[in-house]
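Observations on chain architecture
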Amino acid sequence: MAQIFKAKKKPLKQQTLELNITGMDHQGRGIAKHKNKVCFVSGALPNETVKATLVEDKAKYSSAKVIKVINASEFRTDAFCEHYNHCGGCQLQHLEVAQQVIEKQTAVTQLFNKFAKLKELNWQTPLLSKSTHYRRSARIAVMLDKAAKKMRVGYRASGSKNIVSINKCAVLNDVFANVFTLFDELINQHKALHSISHLQLCQSDEQNFVIIRHTKTINDEFKAIVEQAALNQQYTIVWQSESDIIDHSHLAMPFYYIKEFDLKFEFGLGNFIQVNAQVNEAMLKQAANWLNLNGDENLLDLFCGIGNFSLVLAKQAKSVIGVEGVTSAVAMAAQNAQTNQITNAQFHCFDLTQNMQNAPWFSKDLDVLVLDPSRTGAMAVLEQLSLKQFKTILYVSCDPVTLARDSAIISQAGFDLNKIGLMNMFPHTGHIETMALFQRR
């Protein structure tokens, strides 16, 4: 049997660099030049001089991490979380929250210039929320730390698979303030609970769920111990074994209510909902305002999920077709339409990488397109649709790179970017959510 030689990777030589930071990228890293190539510097801010250690050195770029700030930005501030230097989340706490929004907007502008050749963007007022305790859902890791001989309950460390034990998380909703210490104590007290691999948190309008994923059977005695302890914190426990299905059919259905539109959205605990309830409501209001429908439009909502946009816009459009690839989400969208007595919205389960023009629900009468794709973007959809049949396209993005890339396709199809706005769904992180409105020329 032939053996293929693989050269061993040379360990990176530890280098300390002094760098002048000229900007910030779309992931919240400082940008500098080192050896005539771009160097991305974690923990650095624009207009700073820093000492940093090199952590990656590629042919076209390098990466570094700040070890000392020599000249600080006027917008640098102290982190508010005790776990900031260890936890892999909230990597922008060292930047004032108002400036975070400005830097994110600048990063999106640069991406549009690069991919879509659009330099002047009509930025609208950003959608904001409170900057702490904004998360209504999160995933907590549970893992054995062999060296410490204990189970860790927390988040992954920055750039590592290791788990950082968390005491409190300042971006989680207050109702989950004690969840880390509670489960750290329970899991480390009872070896029978060591098969727990993660906790999924989800706050609905009337219940606070903790879904417990476990890889081995946990008997009723130990389940009762957990459920009693959780009851004191007003947590509703849902047990999830090796199956991917989260069975909560024995409990009242979780939901969130949007007062602005008098809509109740029920959802399964396995369904996607927006993490930041305050920004979600503002986002729906903005979508309705920007589209400004007059009741004659036939709207196509792709990647519709449980109907978050579809049902709001159905109150203003002639008809809405919602399409989603996840069967359970489509079922929830249809149920939500029925619950809210909306009769002009239909929902279909369809693989959006397939040819939509042959789909039975596709119609040449559709004249408004709404897109809310995952981070991979909507290129597969945009390249197969005849975009000229639409007068308006509303694109809701959770990744600025794929948004800028897809905007080039929309622009080439004869559309102008009419409005664009940042939605700060995840304060203190590098995540960027954006809404863009395109009008046919």
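Report on the accompanying structure. (Residues numbered from 1 in each chain as written. Predicted model: local features only at pLDDT ≥ 70, side-chain atom pairs only at ≥ 80, totals over all residues. Heavy atoms only, no water.)

Quick word on the sheet that holds strand S5 (residues 49-57)
One open sheet holds the 6 strands; their spatial order is S1-S5-S6-S4-S3-S2, and the pairing between them is mixed. A strand with exactly one partner marks an edge of an open sheet, and here the two such strands are strand S1 (16-20) and strand S2 (23-24). Summarising the sheet, strand S3 (residues 30-34) and strand S4 (residues 37-42) pair through 5 bridges and their orientation is antiparallel. Note on S4: the bridge partner recorded for histidine 34 is lysine 37. (Pairing = 2+ DSSP bridges. Helix = DSSP H or I, 4+ residues; strand = E, 2+ residues; numbered from the N terminus.)

Some words on the packing of aromatic side chains
Considering all chains together, one arrives at 7 aromatic pairs under this definition. Here tyrosine 256 and phenylalanine 265 contribute two aromatic rings whose centre-to-centre distance is 5.1 Å and whose plane-to-plane angle is 20 degrees, an arrangement assigned as stacked. Across this residue pair, the class does not change: tyrosine 256 and phenylalanine 265 are buried. Through pairs of rings, three or more aromatic residues link up here, namely Tyr256, Phe265 and Phe267. When the ring centre of phenylalanine 40 is taken as origin, the NZ or CZ atom of arginine 29, which lies over that ring, is 4.2 Å away. The residue whose ring lies beneath lysine 264 is phenylalanine 255, and the NZ or CZ to ring-centre distance is 4.5 Å. (Phe/Tyr/Trp six-rings, centres within 6.5 Å; stacked < 30°, edge-to-face > 60°. Buried < 20%, exposed > 50% of the residue type's maximum accessible area, 1.4 Å probe, protein only. Lys NZ or Arg CZ within 6 Å of the ring centre and 35° of its normal.)

Some thoughts on the pattern of salt bridges
Side-chain pairs of opposite charge can arise where the charged atoms are in close proximity. Applying the stated criterion across every chain, the model contains 9 salt bridges. Of the charged contacts in the structure, one is a salt bridge between aspartate 406 and arginine 405, with a shortest N-O distance of 2.9 Å. A relative accessible area of 0% means that aspartate 406 is categorised as buried. Since its relative accessible area comes to 24%, arginine 405 is described here as partly exposed. With a shortest N-O distance of 2.8 Å, arginine 441 and aspartate 416 are connected by a salt bridge. Taken together, the residues span a long stretch of sequence, with arginine 441 in the segment after strand S21 (433-440) and aspartate 416 in strand S20 (residues 415-423) at a distance of 25 residues. (Salt bridge = Lys/Arg side-chain N within 4 Å of Asp/Glu carboxyl O.)

A word on the pairing of strand S13 (residues 255-258)
Each regular strand carries side chains that alternate between the two faces of the sheet. Here S13 runs beside strand S14 (residues 263-266); their pairing, made up of 4 bridges, is antiparallel. Along S14, the bridge assignment pairs tyrosine 256 with phenylalanine 265. Once S13 ends, the chain turns through 4 residues before running back antiparallel as S14, passing aspartate 262 with a positive phi of about 50 degrees.

Section: the packing of helix H2 (residues 179-189) against helix H3 (residues 220-231)
When two helices pack together, you describe them by how their axes are tilted relative to each other and by the distance separating the axes. For the pair H2 and H3, interaxial distance at closest approach is 11 Å and the crossing angle is 160 degrees. Judged by the angle between their axes, H2 and H3 are roughly antiparallel. For the pair H2 and H3, the crossing hand works out as right-handed. Of H3, the residues touching H2 (which contributes Leu182, Phe183 and Leu186) are Ile225, Val226, Ala229 and Ala230. Its residues assigned to classes, the contact of H2 with H3 shows 7 nonpolar, no polar and no charged. (Axes fitted to C-alpha atoms, helices over the stretch in contact; angles between N-to-C directions. Parallel < 35°, antiparallel > 145°, perpendicular 65-115°, else oblique. Left-handed = near helix turned anticlockwise from the far one by under 90°. Contact = heavy atoms within 4.5 Å. Nonpolar A, V, L, I, M, F, W, Y, C, P; charged D, E, K, R; others polar.)

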